[in-house]
Amino acid sequence: MKYLYVSAAIAPLLMIAPAVAQAADAAKPANREAVFSTGVAKGRDRLDSATSTSALRESEIEVLGARSLGEVLRNIPGIRAEYGIGEGNANYSIRGLPLSGTGSKYVQLQEDGLPVLEFGDLQQFTSDMFMRSDLNLSAIETIRGGSASTFASNSPGGVINLISKTGDTEGGAVEATYGLNYGEKRVDGDYGYKISDTLRMHIGGFYREGEGPRDVGFTAYKGGQIKANITKTLENGYVRVYAKYLDDRTPAYQFVPIRVTGTNADPTFSGPTNFDLKTDSLMSPHNGNILTLDGDNNILRDDVRGGQHAVSKSIGLDSQFDVGGWTISEKFRVADISGSNMSFRPIAVAPAAALAFVYGGPGGALSFATGPQTGQAIPNPTALNGNGLLTSSLLLYTKVNSLDNVTNDIRASRVWKVGGGNLTTTVGFYKSSQDYGTDLSFLNVLSDVRGDGDTSLIDVRTAAGVPTTQNGYIAYGIGGALYHRTYDMNYGVDAPYASINYHVGKIAVGGSLRYDMGDVKGTLYGAELGGGRLGVTSVDMNGDGRISLAETKVATLPLGQPGRVDYNYDYLSYSAGVNYRIAEQLAVFGRYSRGGRASADKILFTPAVNYNTGKLVDDNSAYDTVKQAELGLKYRIADLTFNVTAFSARTGERNVQVNSNAAGDIQVENIVRGYKAKGVELEAAVRRGPFSVTAGATYTDAKISKDVLHPEFIGNKPRHQADLIYSVTPQVELKYATVGVNVIGTTSSYAQDTNQLKLPSYTLVNAFVQVRPTEQVQLMLNVNNLFNELALSDVEQAAIPASGVVLGRAYNGRTASATLRYTF
């Protein structure tokens, strides 16, 4: 791993003697319009900034009763969050920007002003996998478009910043949460303390354990997090040191079979017999055994029940000083990130009798390979589990060797008095080093479709009794050696940036520039790079001295034929805007910006790189660009906030999309495409006595404007892009109780870019009740998806197949939890 030096500017600054305290995170106003600091040169009132921003404070997050970070972020206007997979590896997009891959390609997820991962869509590992929402969280700030592209890395769409508590408020809380109709027990706590007039600290975290909201038959959630920081205020600033330790295991809820009737334009979705889409999963104790080859082609055993295992250890420095009229801020963090991502993912579903024929020929016979019925024959495949279905599935094994990263961001700002106004100038330099070292293997198995955590692997024999599978394995690979890979990559980023803003009277006008320079080096191993030199071979995987049919289909790595990656790239980002404060309560703004986003791992194992020299075949493939225009209005009085922003965005993208066809073959498609979107964003909050309502909505008209490989897609709506997404949270806050609901909804969208099969609209109602019998005690009841609605997150197929069964994901059904909190 490459390590960075803390900026030399820090050394003399740390020697400044303490006196009168002046911390950058001084107490914020209690309303939603507190000073905003994310993605801008200098924190300022939102009505004086030509940006579209939102903030969720701790009290607002608390009532959501969210089971994952994705369930929190779905409440931010403009953010499209697909969190059906569970905790981590969710998909986030913004303002009609495309979701051709997974993760958060155009949105940077940060903690305390620095990215958790340099790239939010690394294959199998995304930023939110290494982030958690708990009592450490003070607020979530979001900037959409605007200056995000110049004040943050790889963030042309926007920035989502989780801000930690720092002990400026003394005291803390401890709470216990119990799943009333699902298996989870959780304990949270936090404590802030002023050690002296100039020294304070905060510590907090959580631990949880349980099966979770779906029936999987084992403890799927286990682990927690602890975070701590200590802040020293000085005469002219502050110094903060912080640390985090996360070790948490959660399941990855992958696709499941879904029955569909009707037409592509008006489909009706339902679960197969004896399988509930809202509470079941194909994960179970009977189908988790992973048998594969590691990065050295040695036999390795693991278990899918390890799920998404995130381990993150980090330590950082956050400081700010006023020196000679300049305000200098320094942020530094080093993170040691490891873990794994194990999951069970169907790639094709068909009647059991049909798959018996596919894998066993005429007269092919089925039997249970695992589970309580191991070895028993299945005499009537059409009646298997009442639904008669089998899946050809992947056991996904991905091990992190290193996602370590080091990040440093130093900037200096100064306010000058010029012509009766204030001229603010800022210069800064961002530097980071991000490792991407993983071993990845996809294995092919056959399983039944059964709920209640009882899914089993299935074996097939020919009519003559010859086995064609081995303990449920069809092959120890998929598509030959496809997706048996090892990555050993490092991404270095250097980015100087600067901004200028002039505020005189009611007008503020400004602009900013950023120049990103990337240095990419590494080595890849995968049969796709070997030109057939290595790929499928025979290995005695189970050590019985015989080679079965499945053992003739073992994916190996061409260790003698590495793929070299060694290239550089650079691009310019810029933003300019004007804000006019018509009155104390009212402001309008306009902004135009262009931002870039490095392609990172999405161009690896594609023709974009010459793997002999390591250089790019086409320099334009190194990054994608987003151009955005915004026009907004912001209004604020004591009990009312109203913000509306019209936007337009154009995106150029190179990406990799992975799908499976009807036969269960993995298809990897290199995307070279352009998108355009326009729309309107609304955000409002109103309070009248004990009654309050907060609401957000985004209307988007998005289209594919260019497609090199599929020109027939031009004019189509991008997949999963709904015309309207919205959230509304009305509540009544009395002396001893608070009651309310959080309503999340979306109109229909298309499952894929072909614009055939529609995903239905949905509205999810989440209810909450808080009772405060004493000042220090609070009892909370949260019910997510109160009406137990079936809401689909995504569907793999572009159209209804002849079988009437697709693969997709649904959000969790009704889950209720009770929390008892003691505040001190």
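Above this text is the structure in question.
It should be emphasised that the depicted structure is a prediction, and the values quoted were computed from it without experimental measurement.

Criteria and cut-off values
Residues numbered from 1 in each chain as written. Predicted model: local features only at pLDDT ≥ 70, side-chain atom pairs only at ≥ 80, totals over all residues. Heavy atoms only, no water. Helix = DSSP H or I, 4+ residues; strand = E, 2+ residues; numbered from the N terminus. Rg over C-alpha atoms; globule rule 2.2 N^0.38 Å. Buried < 20%, exposed > 50% of the residue type's maximum accessible area, 1.4 Å probe, protein only. Contact = heavy atoms within 4.5 Å. Areas by Shrake-Rupley, 256 points an atom, 1.4 Å probe, with all protein chains shown as cover. Lys, Arg positive; Asp, Glu negative; His and termini not counted. Charge placed at Lys NZ, Arg CZ, Asp CG, Glu CD. Pairing = 2+ DSSP bridges. Phe/Tyr/Trp six-rings, centres within 6.5 Å; stacked < 30°, edge-to-face > 60°. Core = buried A, V, L, I, M, F, W, Y, C linked by side-chain atoms within 4.5 Å. Arc of directions from axis to C-beta.

Student: Can you explain the overall build of the protein chain? Please cite residues and give values.
Tutor: Scanning the protein chain for helices and strands turns up 5 helices and 44 strands. Since a compact globule built from 824 residues should have a radius of gyration of about 28 Å, the 27 Å found for the protein chain is in line with a globular shape. With the principal axes as the frame, the protein chain shows a C-alpha extent of 95 × 65 × 50 Å. Counting the 824 residues in the protein chain, one finds 60% classified as buried. Long-range contacts, defined as pairs at least 24 residues apart, comprise 71% of the intrachain contacts of the protein chain with a sequence gap of at least 6. Carbon and sulfur atoms provide 57% of the accessible area of the protein chain, an area that totals close to 29600 Å². Once the 76 positive and 81 negative side-chain charges of the protein chain are each reduced to a mean point, those two points are 5 Å apart.

Student: Could you give me a rundown of the sheet that holds strand S20 (residues 377–378), with the residues and numbers involved?
Tutor: Strand order in this open sheet of 3 strands is S20-S19-S24, and the pairing throughout is antiparallel. Of all the strands in the sheet, the pair left with one neighbour each is S20 and strand S24 (458–461). Judged from the 4 bridges that link them, strand S19 (residues 365–368) and S24 form a sheet pairing that is antiparallel. Within S24, the residue paired with Ala-365 across the bridge is Arg-461.

Student: Kindly report on the pairing of strand S6 (residues 137–144), identifying the contributing residues and their values.
Tutor: Within S6, 7 of the 8 residues are buried, which leaves it mostly tucked inside the rest of the structure. With 6 bridges joining them, strand S1 (residues 52–57) and S6 adopt antiparallel strand pairing. Within the sheet, the bridge partner assigned to Arg-57 lies in S6 and is Ala-139. Bridging between S6 and strand S7 (residues 158–164) involves 7 bridges; their strand directions are antiparallel. Residue pairing in the sheet places Leu-137 in a bridge with Ser-164 of S7.

Student: Could you give me a rundown of the packing of aromatic side chains, with the residues and numbers involved?
Tutor: If you walk through the whole model with that rule in mind, you get 14 aromatic pairs. Aromatic pair Tyr-487 and Phe-605: ring centres 5.3 Å apart, planes at 75°, arrangement edge-to-face. With Tyr-487 in strand S26 (residues 484–504) and Phe-605 in the loop between strand S31 (586–598) and strand S32 (623–637), this residue pair connects regions lying 118 residues apart in the sequence. Considered together, Tyr-487 and Phe-605 belong to a single accessibility category, that of buried residues.

Student: Go over the side chain of Ser-340 with me, naming the residues and quoting the values.
Tutor: By secondary structure assignment, the location of Ser-340 is in strand S18 (residues 326–351). If we ignore the near neighbours within four places in the chain, the residues touching Ser-340 are Phe-125, Met-129, Gly-307, Gln-308, His-309, Thr-398, Lys-399 and Val-400.

Student: An account of the environment of Tyr-191 is needed here, citing residue identities and associated values.
Tutor: Of note, Tyr-191 is situated in strand S9 (residues 183–196). It is 22 Å that separates the C-alpha atoms of Tyr-191 and Ser-68, two residues lying 123 residues apart in sequence. If near-sequence neighbours (up to four positions away) are discounted, Tyr-191 is found in contact with Gly-171, Gly-172, Met-201, His-202, Ile-203 and Phe-824.

Student: For the nonpolar core, give the residues involved together with the corresponding values.
Tutor: Among the nonpolar cores identified, the biggest contains 67 residues, and Phe-130, Ile-140, Leu-403 and Met-489 are the most heavily contacted of them. Looking at this core, the element that brings in the most residues is S26, giving 6 residues. Once residues lying within four places of it in the same chain are set aside, the contact partners of Met-489 are Gln-434, Asp-435, Tyr-436, Val-520, Lys-521, Gly-522, Thr-523, Leu-524, Val-565 and Leu-604. Of all hydrophobic cores here, the second largest spans 45 residues; its members include Val-216, Leu-300, Phe-344 and Ala-751.

Student: Which residues make up helix H5 (residues 352–360), and what values go with them?
Tutor: Within the span of H5, buried status applies to Ala-352, Leu-355, Ala-356 and Gly-360. One face of H5 carries all of its buried residues, which in axial projection span an arc of 110°. Looking at H5, the residues exposed on the side facing more than 90 degrees away from the buried face are Phe-357 and Val-358. Looking at the buried positions of H5, the neighbouring elements they touch are S18, S19, strand S21 (389–402), strand S23 (421–448) and S24. Positioned one or two residues after H5, Gly-361 has a phi angle of 75°, which is positive.

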